[in-house]
Structures are given as C-alpha cells and as structure tokens.
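# Structural description and commentary
The primary structure of each chain is shown beneath.
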Amino acid sequence: MKILVVGHRGMLGSELMKAFGAHHEVEGRDVDRLDITSLPQCLDAVADSAPQAVINAAAYTDVEGSEHNYAQCSAINGDGVRNLAVACSKFNRTMMVHFSTDYVFDGTKGAPYEEEDTCTPINAYGRSKLEGECNLREELPGRHILIRTSWLFGKNGKNFVRSIIEKAESQRELSVVNDQIGSPTYAKDLAHAVNILVEGGHRGTFHITNRGRCSWYEYACKIVEYACMKGIVVTPVSSADYRTEAARPAYSVLSSRKFMKVTHKTMRFWQVALSEFIEKMNY
C-alpha cells in the first residue's frame, strides 16, 4: 500500500513510519510541508501522494493550553481533521486513520469505556478531539478508522515518562495525583496495532491502549523504579490538591475488547512496554 503519514516526525508519527515502512511505501509530511488547517494544502498533499491510506498523527496536544487557546486547538484537532477527510473523499480508494483520546469521556462511568459510550468531555482539549471525531464520520463515512487511545508515551516529544525522569534528576521528592485512573500506551505498540487494523481491512472506531490500568501516582512509581533512580520519594496527592487549568476525568480506562475480538491480537501490559521504553531511553 501507499501510505501518507501526517505529522510523521512526532511521537506517534515516527513510530507509524517504522511500523508501516517495513511492508508498505510510506511518505511522511509534517507541519513544514503540510498545514492541515488549510484545505487547499490538504487537497494538494493527497493529490500529490495518491495514497491508499492517510494516517493523521498531527494534533494539538497541550491539554492546559487548550483552555485559553481554543481557536488554534480547534483549528488543528477539529477543522484539520475535516480538511484531511474532505481531501480523502475526493479519491475513491483513499481511507483515513485518525487518533482521538480518552478525554472525550467525563470519567464518571466507573468501568472501562466502550466505543459506543456517550462522549461528554469535561475540558477544551477533549471537546476539540470530539469535534475531529464528528468531522471524520461526517466527511468520510465507512472509509475511516478512528482510534481512541490514552496516556501516550514514546521516543519523540513531551510525555509523562520523560517529565517524571527529568524532575527526579533535579528534585528528590515528587507529588503525583493518585485519583485519576487510566492506561499508559506505548506509541510503538499503538503503531503496530494500527498496522494490523489497516492491513486487515477493518473500519470503524476502536479503543487501543496497553493492557492494565493505574493512577498517575502508580505510573510515576514504576517510572522511577524502572529508571533505577534511587532515593526518590513519590508522594500521592489528590486532584483537589494539585490544581490544573483543565479538568481531567477521574476514570478514563478504555476497553480494547473490540480490537482483540476483530484482530485476535492482544496488547501487552503497560508495565512491560514501559520497562522496554525506559531501557532504550537516552536520559
């Protein structure tokens, strides 16, 4: 297949380039060559590349920044998705893969979220990603894969793992919230799961994360442990004691049962993926 990866230099995009590059012809475009907020640029990019699939890994990911910079956030996460979907719709053979987030849910269910559960985001970032979901379904019905994932970590870009290690290098005590529960996801594992869905000809909405769940506090403890950082004290605190501009869902675990059912594949546990990632990190 000919694959166009948008945002190919980012954390997920770089892993998608590797995963698909092993068996497909892959082209990458980043913001310097493609501004997805421009419909003419999206039309030109898809026309020039003539791919069978466009994989959109470009996104505005600053959760806090979204609260006071919603116009830019929505332009990328909402309008940008529409532009790419419109461009794909002009070519009968082109399908699109797009990524959304656990933050489209409000966190009150108390059990893992299924693909069909009602989306009621409680922060601006989640609202922008839900806009993108709706735009994708409207412009490219039946010819897309929408993947919701959570707590992504990987080699390129900012992520929680790198932030915790950097903080632990300069301070001996860390305070991390223990009342928000989710599932860490390794970008490398997610990219391989996407490859399986695309090669299998699947369409629709899928939740994909590494297996297992934890709080941010438990996650931080494992990061410190796997990085062999001795003498670091990680203290659990409540969200009420750790104020942020953007509200976060208290429980945003995603069920990957649909992915496992259609592909007969399972994701590895987040602890295993995290251990591998930290072992390969340069820090």
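Preceding this paragraph is the structure being described.
Residues numbered from 1 in each chain as written. Predicted model: local features only at pLDDT ≥ 70, side-chain atom pairs only at ≥ 80, totals over all residues. Heavy atoms only, no water.

## Details of the nonpolar core
Here is the rule we go by: Nonpolar core, defined: a set of buried Ala, Val, Leu, Ile, Met, Phe, Trp, Tyr and Cys residues in which side-chain atoms within 4.5 Å join the residues together. Type-normalised accessible area, obtained with a 1.4 Å probe on protein chains alone, sets the label of each residue: buried when under 20%, exposed when over 50%, and partly exposed for intermediate values. By the criteria applied, helices consist of DSSP H or I runs no shorter than four residues and strands consist of E runs no shorter than two, each listed in order from the N terminus.
By size, the foremost hydrophobic cluster in this structure holds 31 residues, and its most contacted members are F153, V161, Y219, I223, L274 and I278. Looking at this core, the elements with two or more residues in it are α6 (160–170), β7 (173–177), α8 (216–226), β12 (233–237) and α10 (270–280). One finds I3, V5, L12 and F20 within the second-largest nonpolar core, a separate group that totals 25 residues.

## Observations concerning the pattern of salt bridges
The cut-off we apply is this: Every case where a carboxyl oxygen of Asp or Glu lies within 4 Å of a side-chain nitrogen of Lys or Arg is listed as a salt bridge.
Inspection of the entire model under this criterion finds 17 salt bridges. Across the pair E114 and R257 runs a salt bridge whose closest N-O atoms are separated by 2.3 Å. Of the two residues, E114 is situated in the loop between β4 (95–101) and α5 (124–139) and R257 in helix α9 (residues 257–263); the sequence distance between them amounts to 143 residues. On the basis of relative accessibility, which here comes to 18%, the residue E114 falls in the buried class. Across the pair R268 and E276 runs a salt bridge, and its minimum N-O distance is 2.9 Å. On the basis of relative accessible area, E276 is assigned to the buried category, the value being 19%. Linked by salt bridges that have partners in common, K2, E25, E27, R29 and R33 make up one network.

## Quick notes on the environment of C88
So the rule is basically this: Note on definitions: a residue-residue contact is assigned when non-hydrogen atoms from the two residues lie within 4.5 Å.
Within the secondary structure, C88 is located in helix α4 (residues 70–89). Considered as a pair, C88 and E116 are 28 residues apart in the sequence and their alpha carbons are 25 Å apart. Every residue in contact with C88, bar those within four places of it in the chain, is listed here: V54, T94, M95, M96, L140 and R143.

## Description of α5
As a reminder, the rule being used: Helix span, expected: 1.5 Å multiplied by one less than the number of residues in the helix. N or O atoms closer than or at 3.5 Å make up a polar contact, with two conditions inside protein: a donor-capable atom paired with an acceptor-capable one, and, for residues adjacent in sequence, both atoms drawn from side chains.
Relative to the 22 Å expected for 16 residues at 1.5 Å per residue, α5 spans 23 Å between its end C-alpha atoms, a close match to the ideal helical length. All of the buried residues along α5 are A124, Y125, G126, S128, K129, L130, G132, E133, N135 and L136. Against α3 (63–66), α4, β4 and β5 (144–149) lie the buried residues of α5. For α5, the capping residue at the N-terminal end is N123, with a side-chain oxygen 3.4 Å from the backbone nitrogen of Y125.

## Some points on the packing of α8 against α10
Going by this rule: Every axis corresponds to a line fitted to the C-alpha atoms, with the helix fit spanning only the stretch in contact, and the corresponding angles, defined between N-to-C directions, vary from 0 to 180 degrees. For classification, angles of less than 35 degrees are called roughly parallel, those exceeding 145 degrees roughly antiparallel, those between 65 and 115 degrees roughly perpendicular, and all remaining angles oblique. In this scheme, a crossing is called left-handed if the near helix is turned counterclockwise away from the far one by less than a right angle; it is called right-handed if the turn is clockwise.
Interhelical geometry of α8 versus α10 gives an angle of 40° and a closest axis separation of 10 Å. With respect to their mutual orientation, α8 and α10 come out oblique. Judged by the sense of rotation from one axis to the other, the crossing of α8 with α10 is right-handed. In this structure, α8 uses E218, Y219, K222, I223 and Y226 to contact α10, whose residues at the interface are W270, Q271, L274, S275 and I278.

## Section: the side chain of T101
Topologically, T101 is positioned in strand β4. The exposure class assigned to T101 is buried, which follows from its relative accessible area of 5%. Discounting chain neighbours no more than four positions away, the residues touching T101 are Y125, K129, R148 and T149.

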